[in-house]
Amino acid sequence: MKIMVAPSILSADFANLADEIASVSSADWLHIDVMDGVFVPNISIGIPVVASIRKATSMFLDVHLMITRPERYVAEFCRAGADLVVFHVEAAQPQDIFEAISIVKAEGKRVGLSVKPKTPASALAPYLGMLDVVLVMTVEPGFGGQRFMDDMLPKIRELRGVLDKVNPNCCIEVDGGIDPNTSRLVKDAGATVLVAGSAVFKMEDRAAAIESIRKS
Ligand code: DX5
Ligand code: ZN
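Just so it is clear, the model here is predicted, and its values are computed rather than measured.

Caption draft 1: Inspection of the sheet that holds strand β1 (residues 4–7) at higher detail. What the 8 strands build is an open sheet, ordered β1-β8-β7-β6-β5-β4-β3-β2; its pairing is parallel. Two strands in the sheet have a free side with no partner beyond their single neighbour: β1 and β2 (29–35). When strand polarity is set aside, the average angle formed by the axes of neighbouring strands in this sheet is 25 degrees. Alignment of strand β4 (residues 84–88) against strand β5 (residues 110–115), held across 5 bridges, turns out to be parallel. Along β5, the bridge assignment pairs Phe87 with Leu113.

Spelled out as structure tokens, the structure:
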């Protein structure tokens, strides 16, 4: 599978968002972190901002919901312009996870499920056949700029092994502490979509930062 880089706008300057997004247009996806202050101890952005971003760019919008009971909001994020909606397996009851997956698919969008560091890969087992993306958190969700957890590498390998059997087209995305060094480790483990916040937005030359994560 092709290696893709998804800059996370959580590390961008929100007062200059259109310019910040334009500066990462050489990337493959744009990663948008939505936090509710309940599922994670931080609050970021919501539906109106996704709708505005949709008008400002033609990039593929990868919306990462860190919110409780995502089944309540997934349709609205699809209609705001998300191309992919990813939510957390820890955030809802199993029947509501199945429902949220169906809603996103009915909206014609791609769907993903994410696992926090302490959640085993096996928690995703009932859903793997229905997913376009599995997102493995390589930091505790909530904040940018944290240190990559290399003890997540076995989880990525395990998921790639299972997906190769049950859903080979499903890609593995990683999020947290990705830079040109850690990107090599996650690629070797089987990840193909690499989210990077601070490693892209703290650099002056964003295109070079994206390229070094992609090529490392
Ligand atoms: C954290 C977010 C990440 C964050 C990554 O909860 O899901 O997308 O922006 O930031 P870095 O790449 O700086 O670890
Ligand atoms: Zn994220």
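Still to come is the rest of the account.
Caption draft 2: Looking closely at the state of the cysteines. For the coordinates displayed, the defined rule picks out 0 disulfides. Free of any disulfide, Cys78 has its nearest cysteine sulfur in Cys171, 17 Å distant. Cys78 sits in the buried class, given a relative accessible area of 3%. With no disulfide of its own, Cys171 lies 6.1 Å from the sulfur of Cys170, the closest cysteine sulfur.

Caption draft 3: Highlighting the coordination of the zinc ion (ligand 2). The protein atoms donating to the zinc ion (ligand 2) are His31 (NE2), Asp33 (OD), His64 (ND1) and Asp175 (OD), with metal-donor distances spanning 2.0 to 2.3 Å. Between the 6 donor atoms coordinating the zinc ion (ligand 2), the angles at the centre fall across 70 to 169 degrees, so the site counts as octahedral. Spacing between the donor residues of the zinc ion (ligand 2) along their common chain follows H-x1-D-x30-H-x110-D. A residue pair is termed long-range when its members are at least 10 positions apart, and His31 in strand β2 and Asp175 in strand β7 (residues 171–175) qualify at 144 residues. The class for Asp175 is buried, based on a relative accessible area of 9%.

Caption draft 4: Examining the packing of aromatic side chains more closely. Evaluated as defined, the whole model comprises 2 aromatic pairs. Look at Trp29 and Phe60: their rings are 4.6 Å apart centre to centre, the planes differ by 25 degrees, and that puts the pair in the stacked class. With Trp29 in strand β2 and Phe60 in strand β3 (residues 60–66), the pair connects residues that are 31 residues apart, well separated along the chain. The exposure classification of Trp29 matches that of Phe60, with both residues buried. Ring geometry for Phe98 against Tyr127: centres 4.9 Å apart, planes inclined by 55 degrees, an arrangement best described as tilted. Taken together, the positions of Phe98 in helix α4 (residues 94–106) and Tyr127 in the loop between β5 and β6 (133–137) put the pair 29 residues apart, joining distant regions of the chain. By relative accessible area, Phe98 is classed as partly exposed at 33%. In this arrangement the basic side chain of Lys116 is found over the ring face of Phe39, its NZ or CZ atom lying 4.8 Å from the centre.

Caption draft 5: Focus on the site of ligand 1. Near ligand 1 there are 20 residues, and of these Ser8, Gly142, Asp175, Gly197 and Ser198 occur at the shortest range. Side-chain polar atom of Ser8 to an oxygen atom of ligand 1: 2.7 Å apart, as the coordinates give it. Contact between ligand 1 and Gly197: an oxygen atom at 2.7 Å from a main-chain N or O atom of the residue. Taking 390 Å² as the accessible area of ligand 1 by itself, protein coverage stands at 100%.

Caption draft 6: Quick peek at the environment of Val5. Note on placement: Val5 falls in strand β1. Separated by 22 residues in the primary sequence, Val5 and Ala27 place their C-alpha atoms 5.6 Å from one another. Leaving out residues up to four positions away in the same chain, Val5 has contacts with Ala27, Asp28, Trp29, Leu194, Ile210, Ile213 and Arg214.

Conventions used here
- Residues numbered from 1 in each chain as written.
- Chains lettered and ligands numbered in written order.
- Predicted model: local features only at pLDDT ≥ 70, side-chain atom pairs only at ≥ 80, totals over all residues.
- Heavy atoms only, no water.
- Pairing = 2+ DSSP bridges.
- Helix = DSSP H or I, 4+ residues; strand = E, 2+ residues; numbered from the N terminus.
- Axes fitted to C-alpha atoms, helices over the stretch in contact; angles between N-to-C directions.
- Disulfide = S-S within 2.5 Å.
- Buried < 20%, exposed > 50% of the residue type's maximum accessible area, 1.4 Å probe, protein only.
- Donors = N, O, S within 2.8 Å, 3.2 Å for Na, K, Ca; no water.
- Tetrahedral: all angles 85-135°; square planar, octahedral: opposite > 155°, others 65-115°.
- Phe/Tyr/Trp six-rings, centres within 6.5 Å; stacked < 30°, edge-to-face > 60°.
- Lys NZ or Arg CZ within 6 Å of the ring centre and 35° of its normal.
- Near = heavy atom within 4 Å.
- Polar contact = N/O pair within 3.5 Å; in protein donor to acceptor, adjacent residues only side chain to side chain.
- Areas by Shrake-Rupley, 256 points an atom, 1.4 Å probe, with all protein chains shown as cover.
- Contact = heavy atoms within 4.5 Å.

Read these as layout, nothing more, since geometry by itself doesn't imply function.
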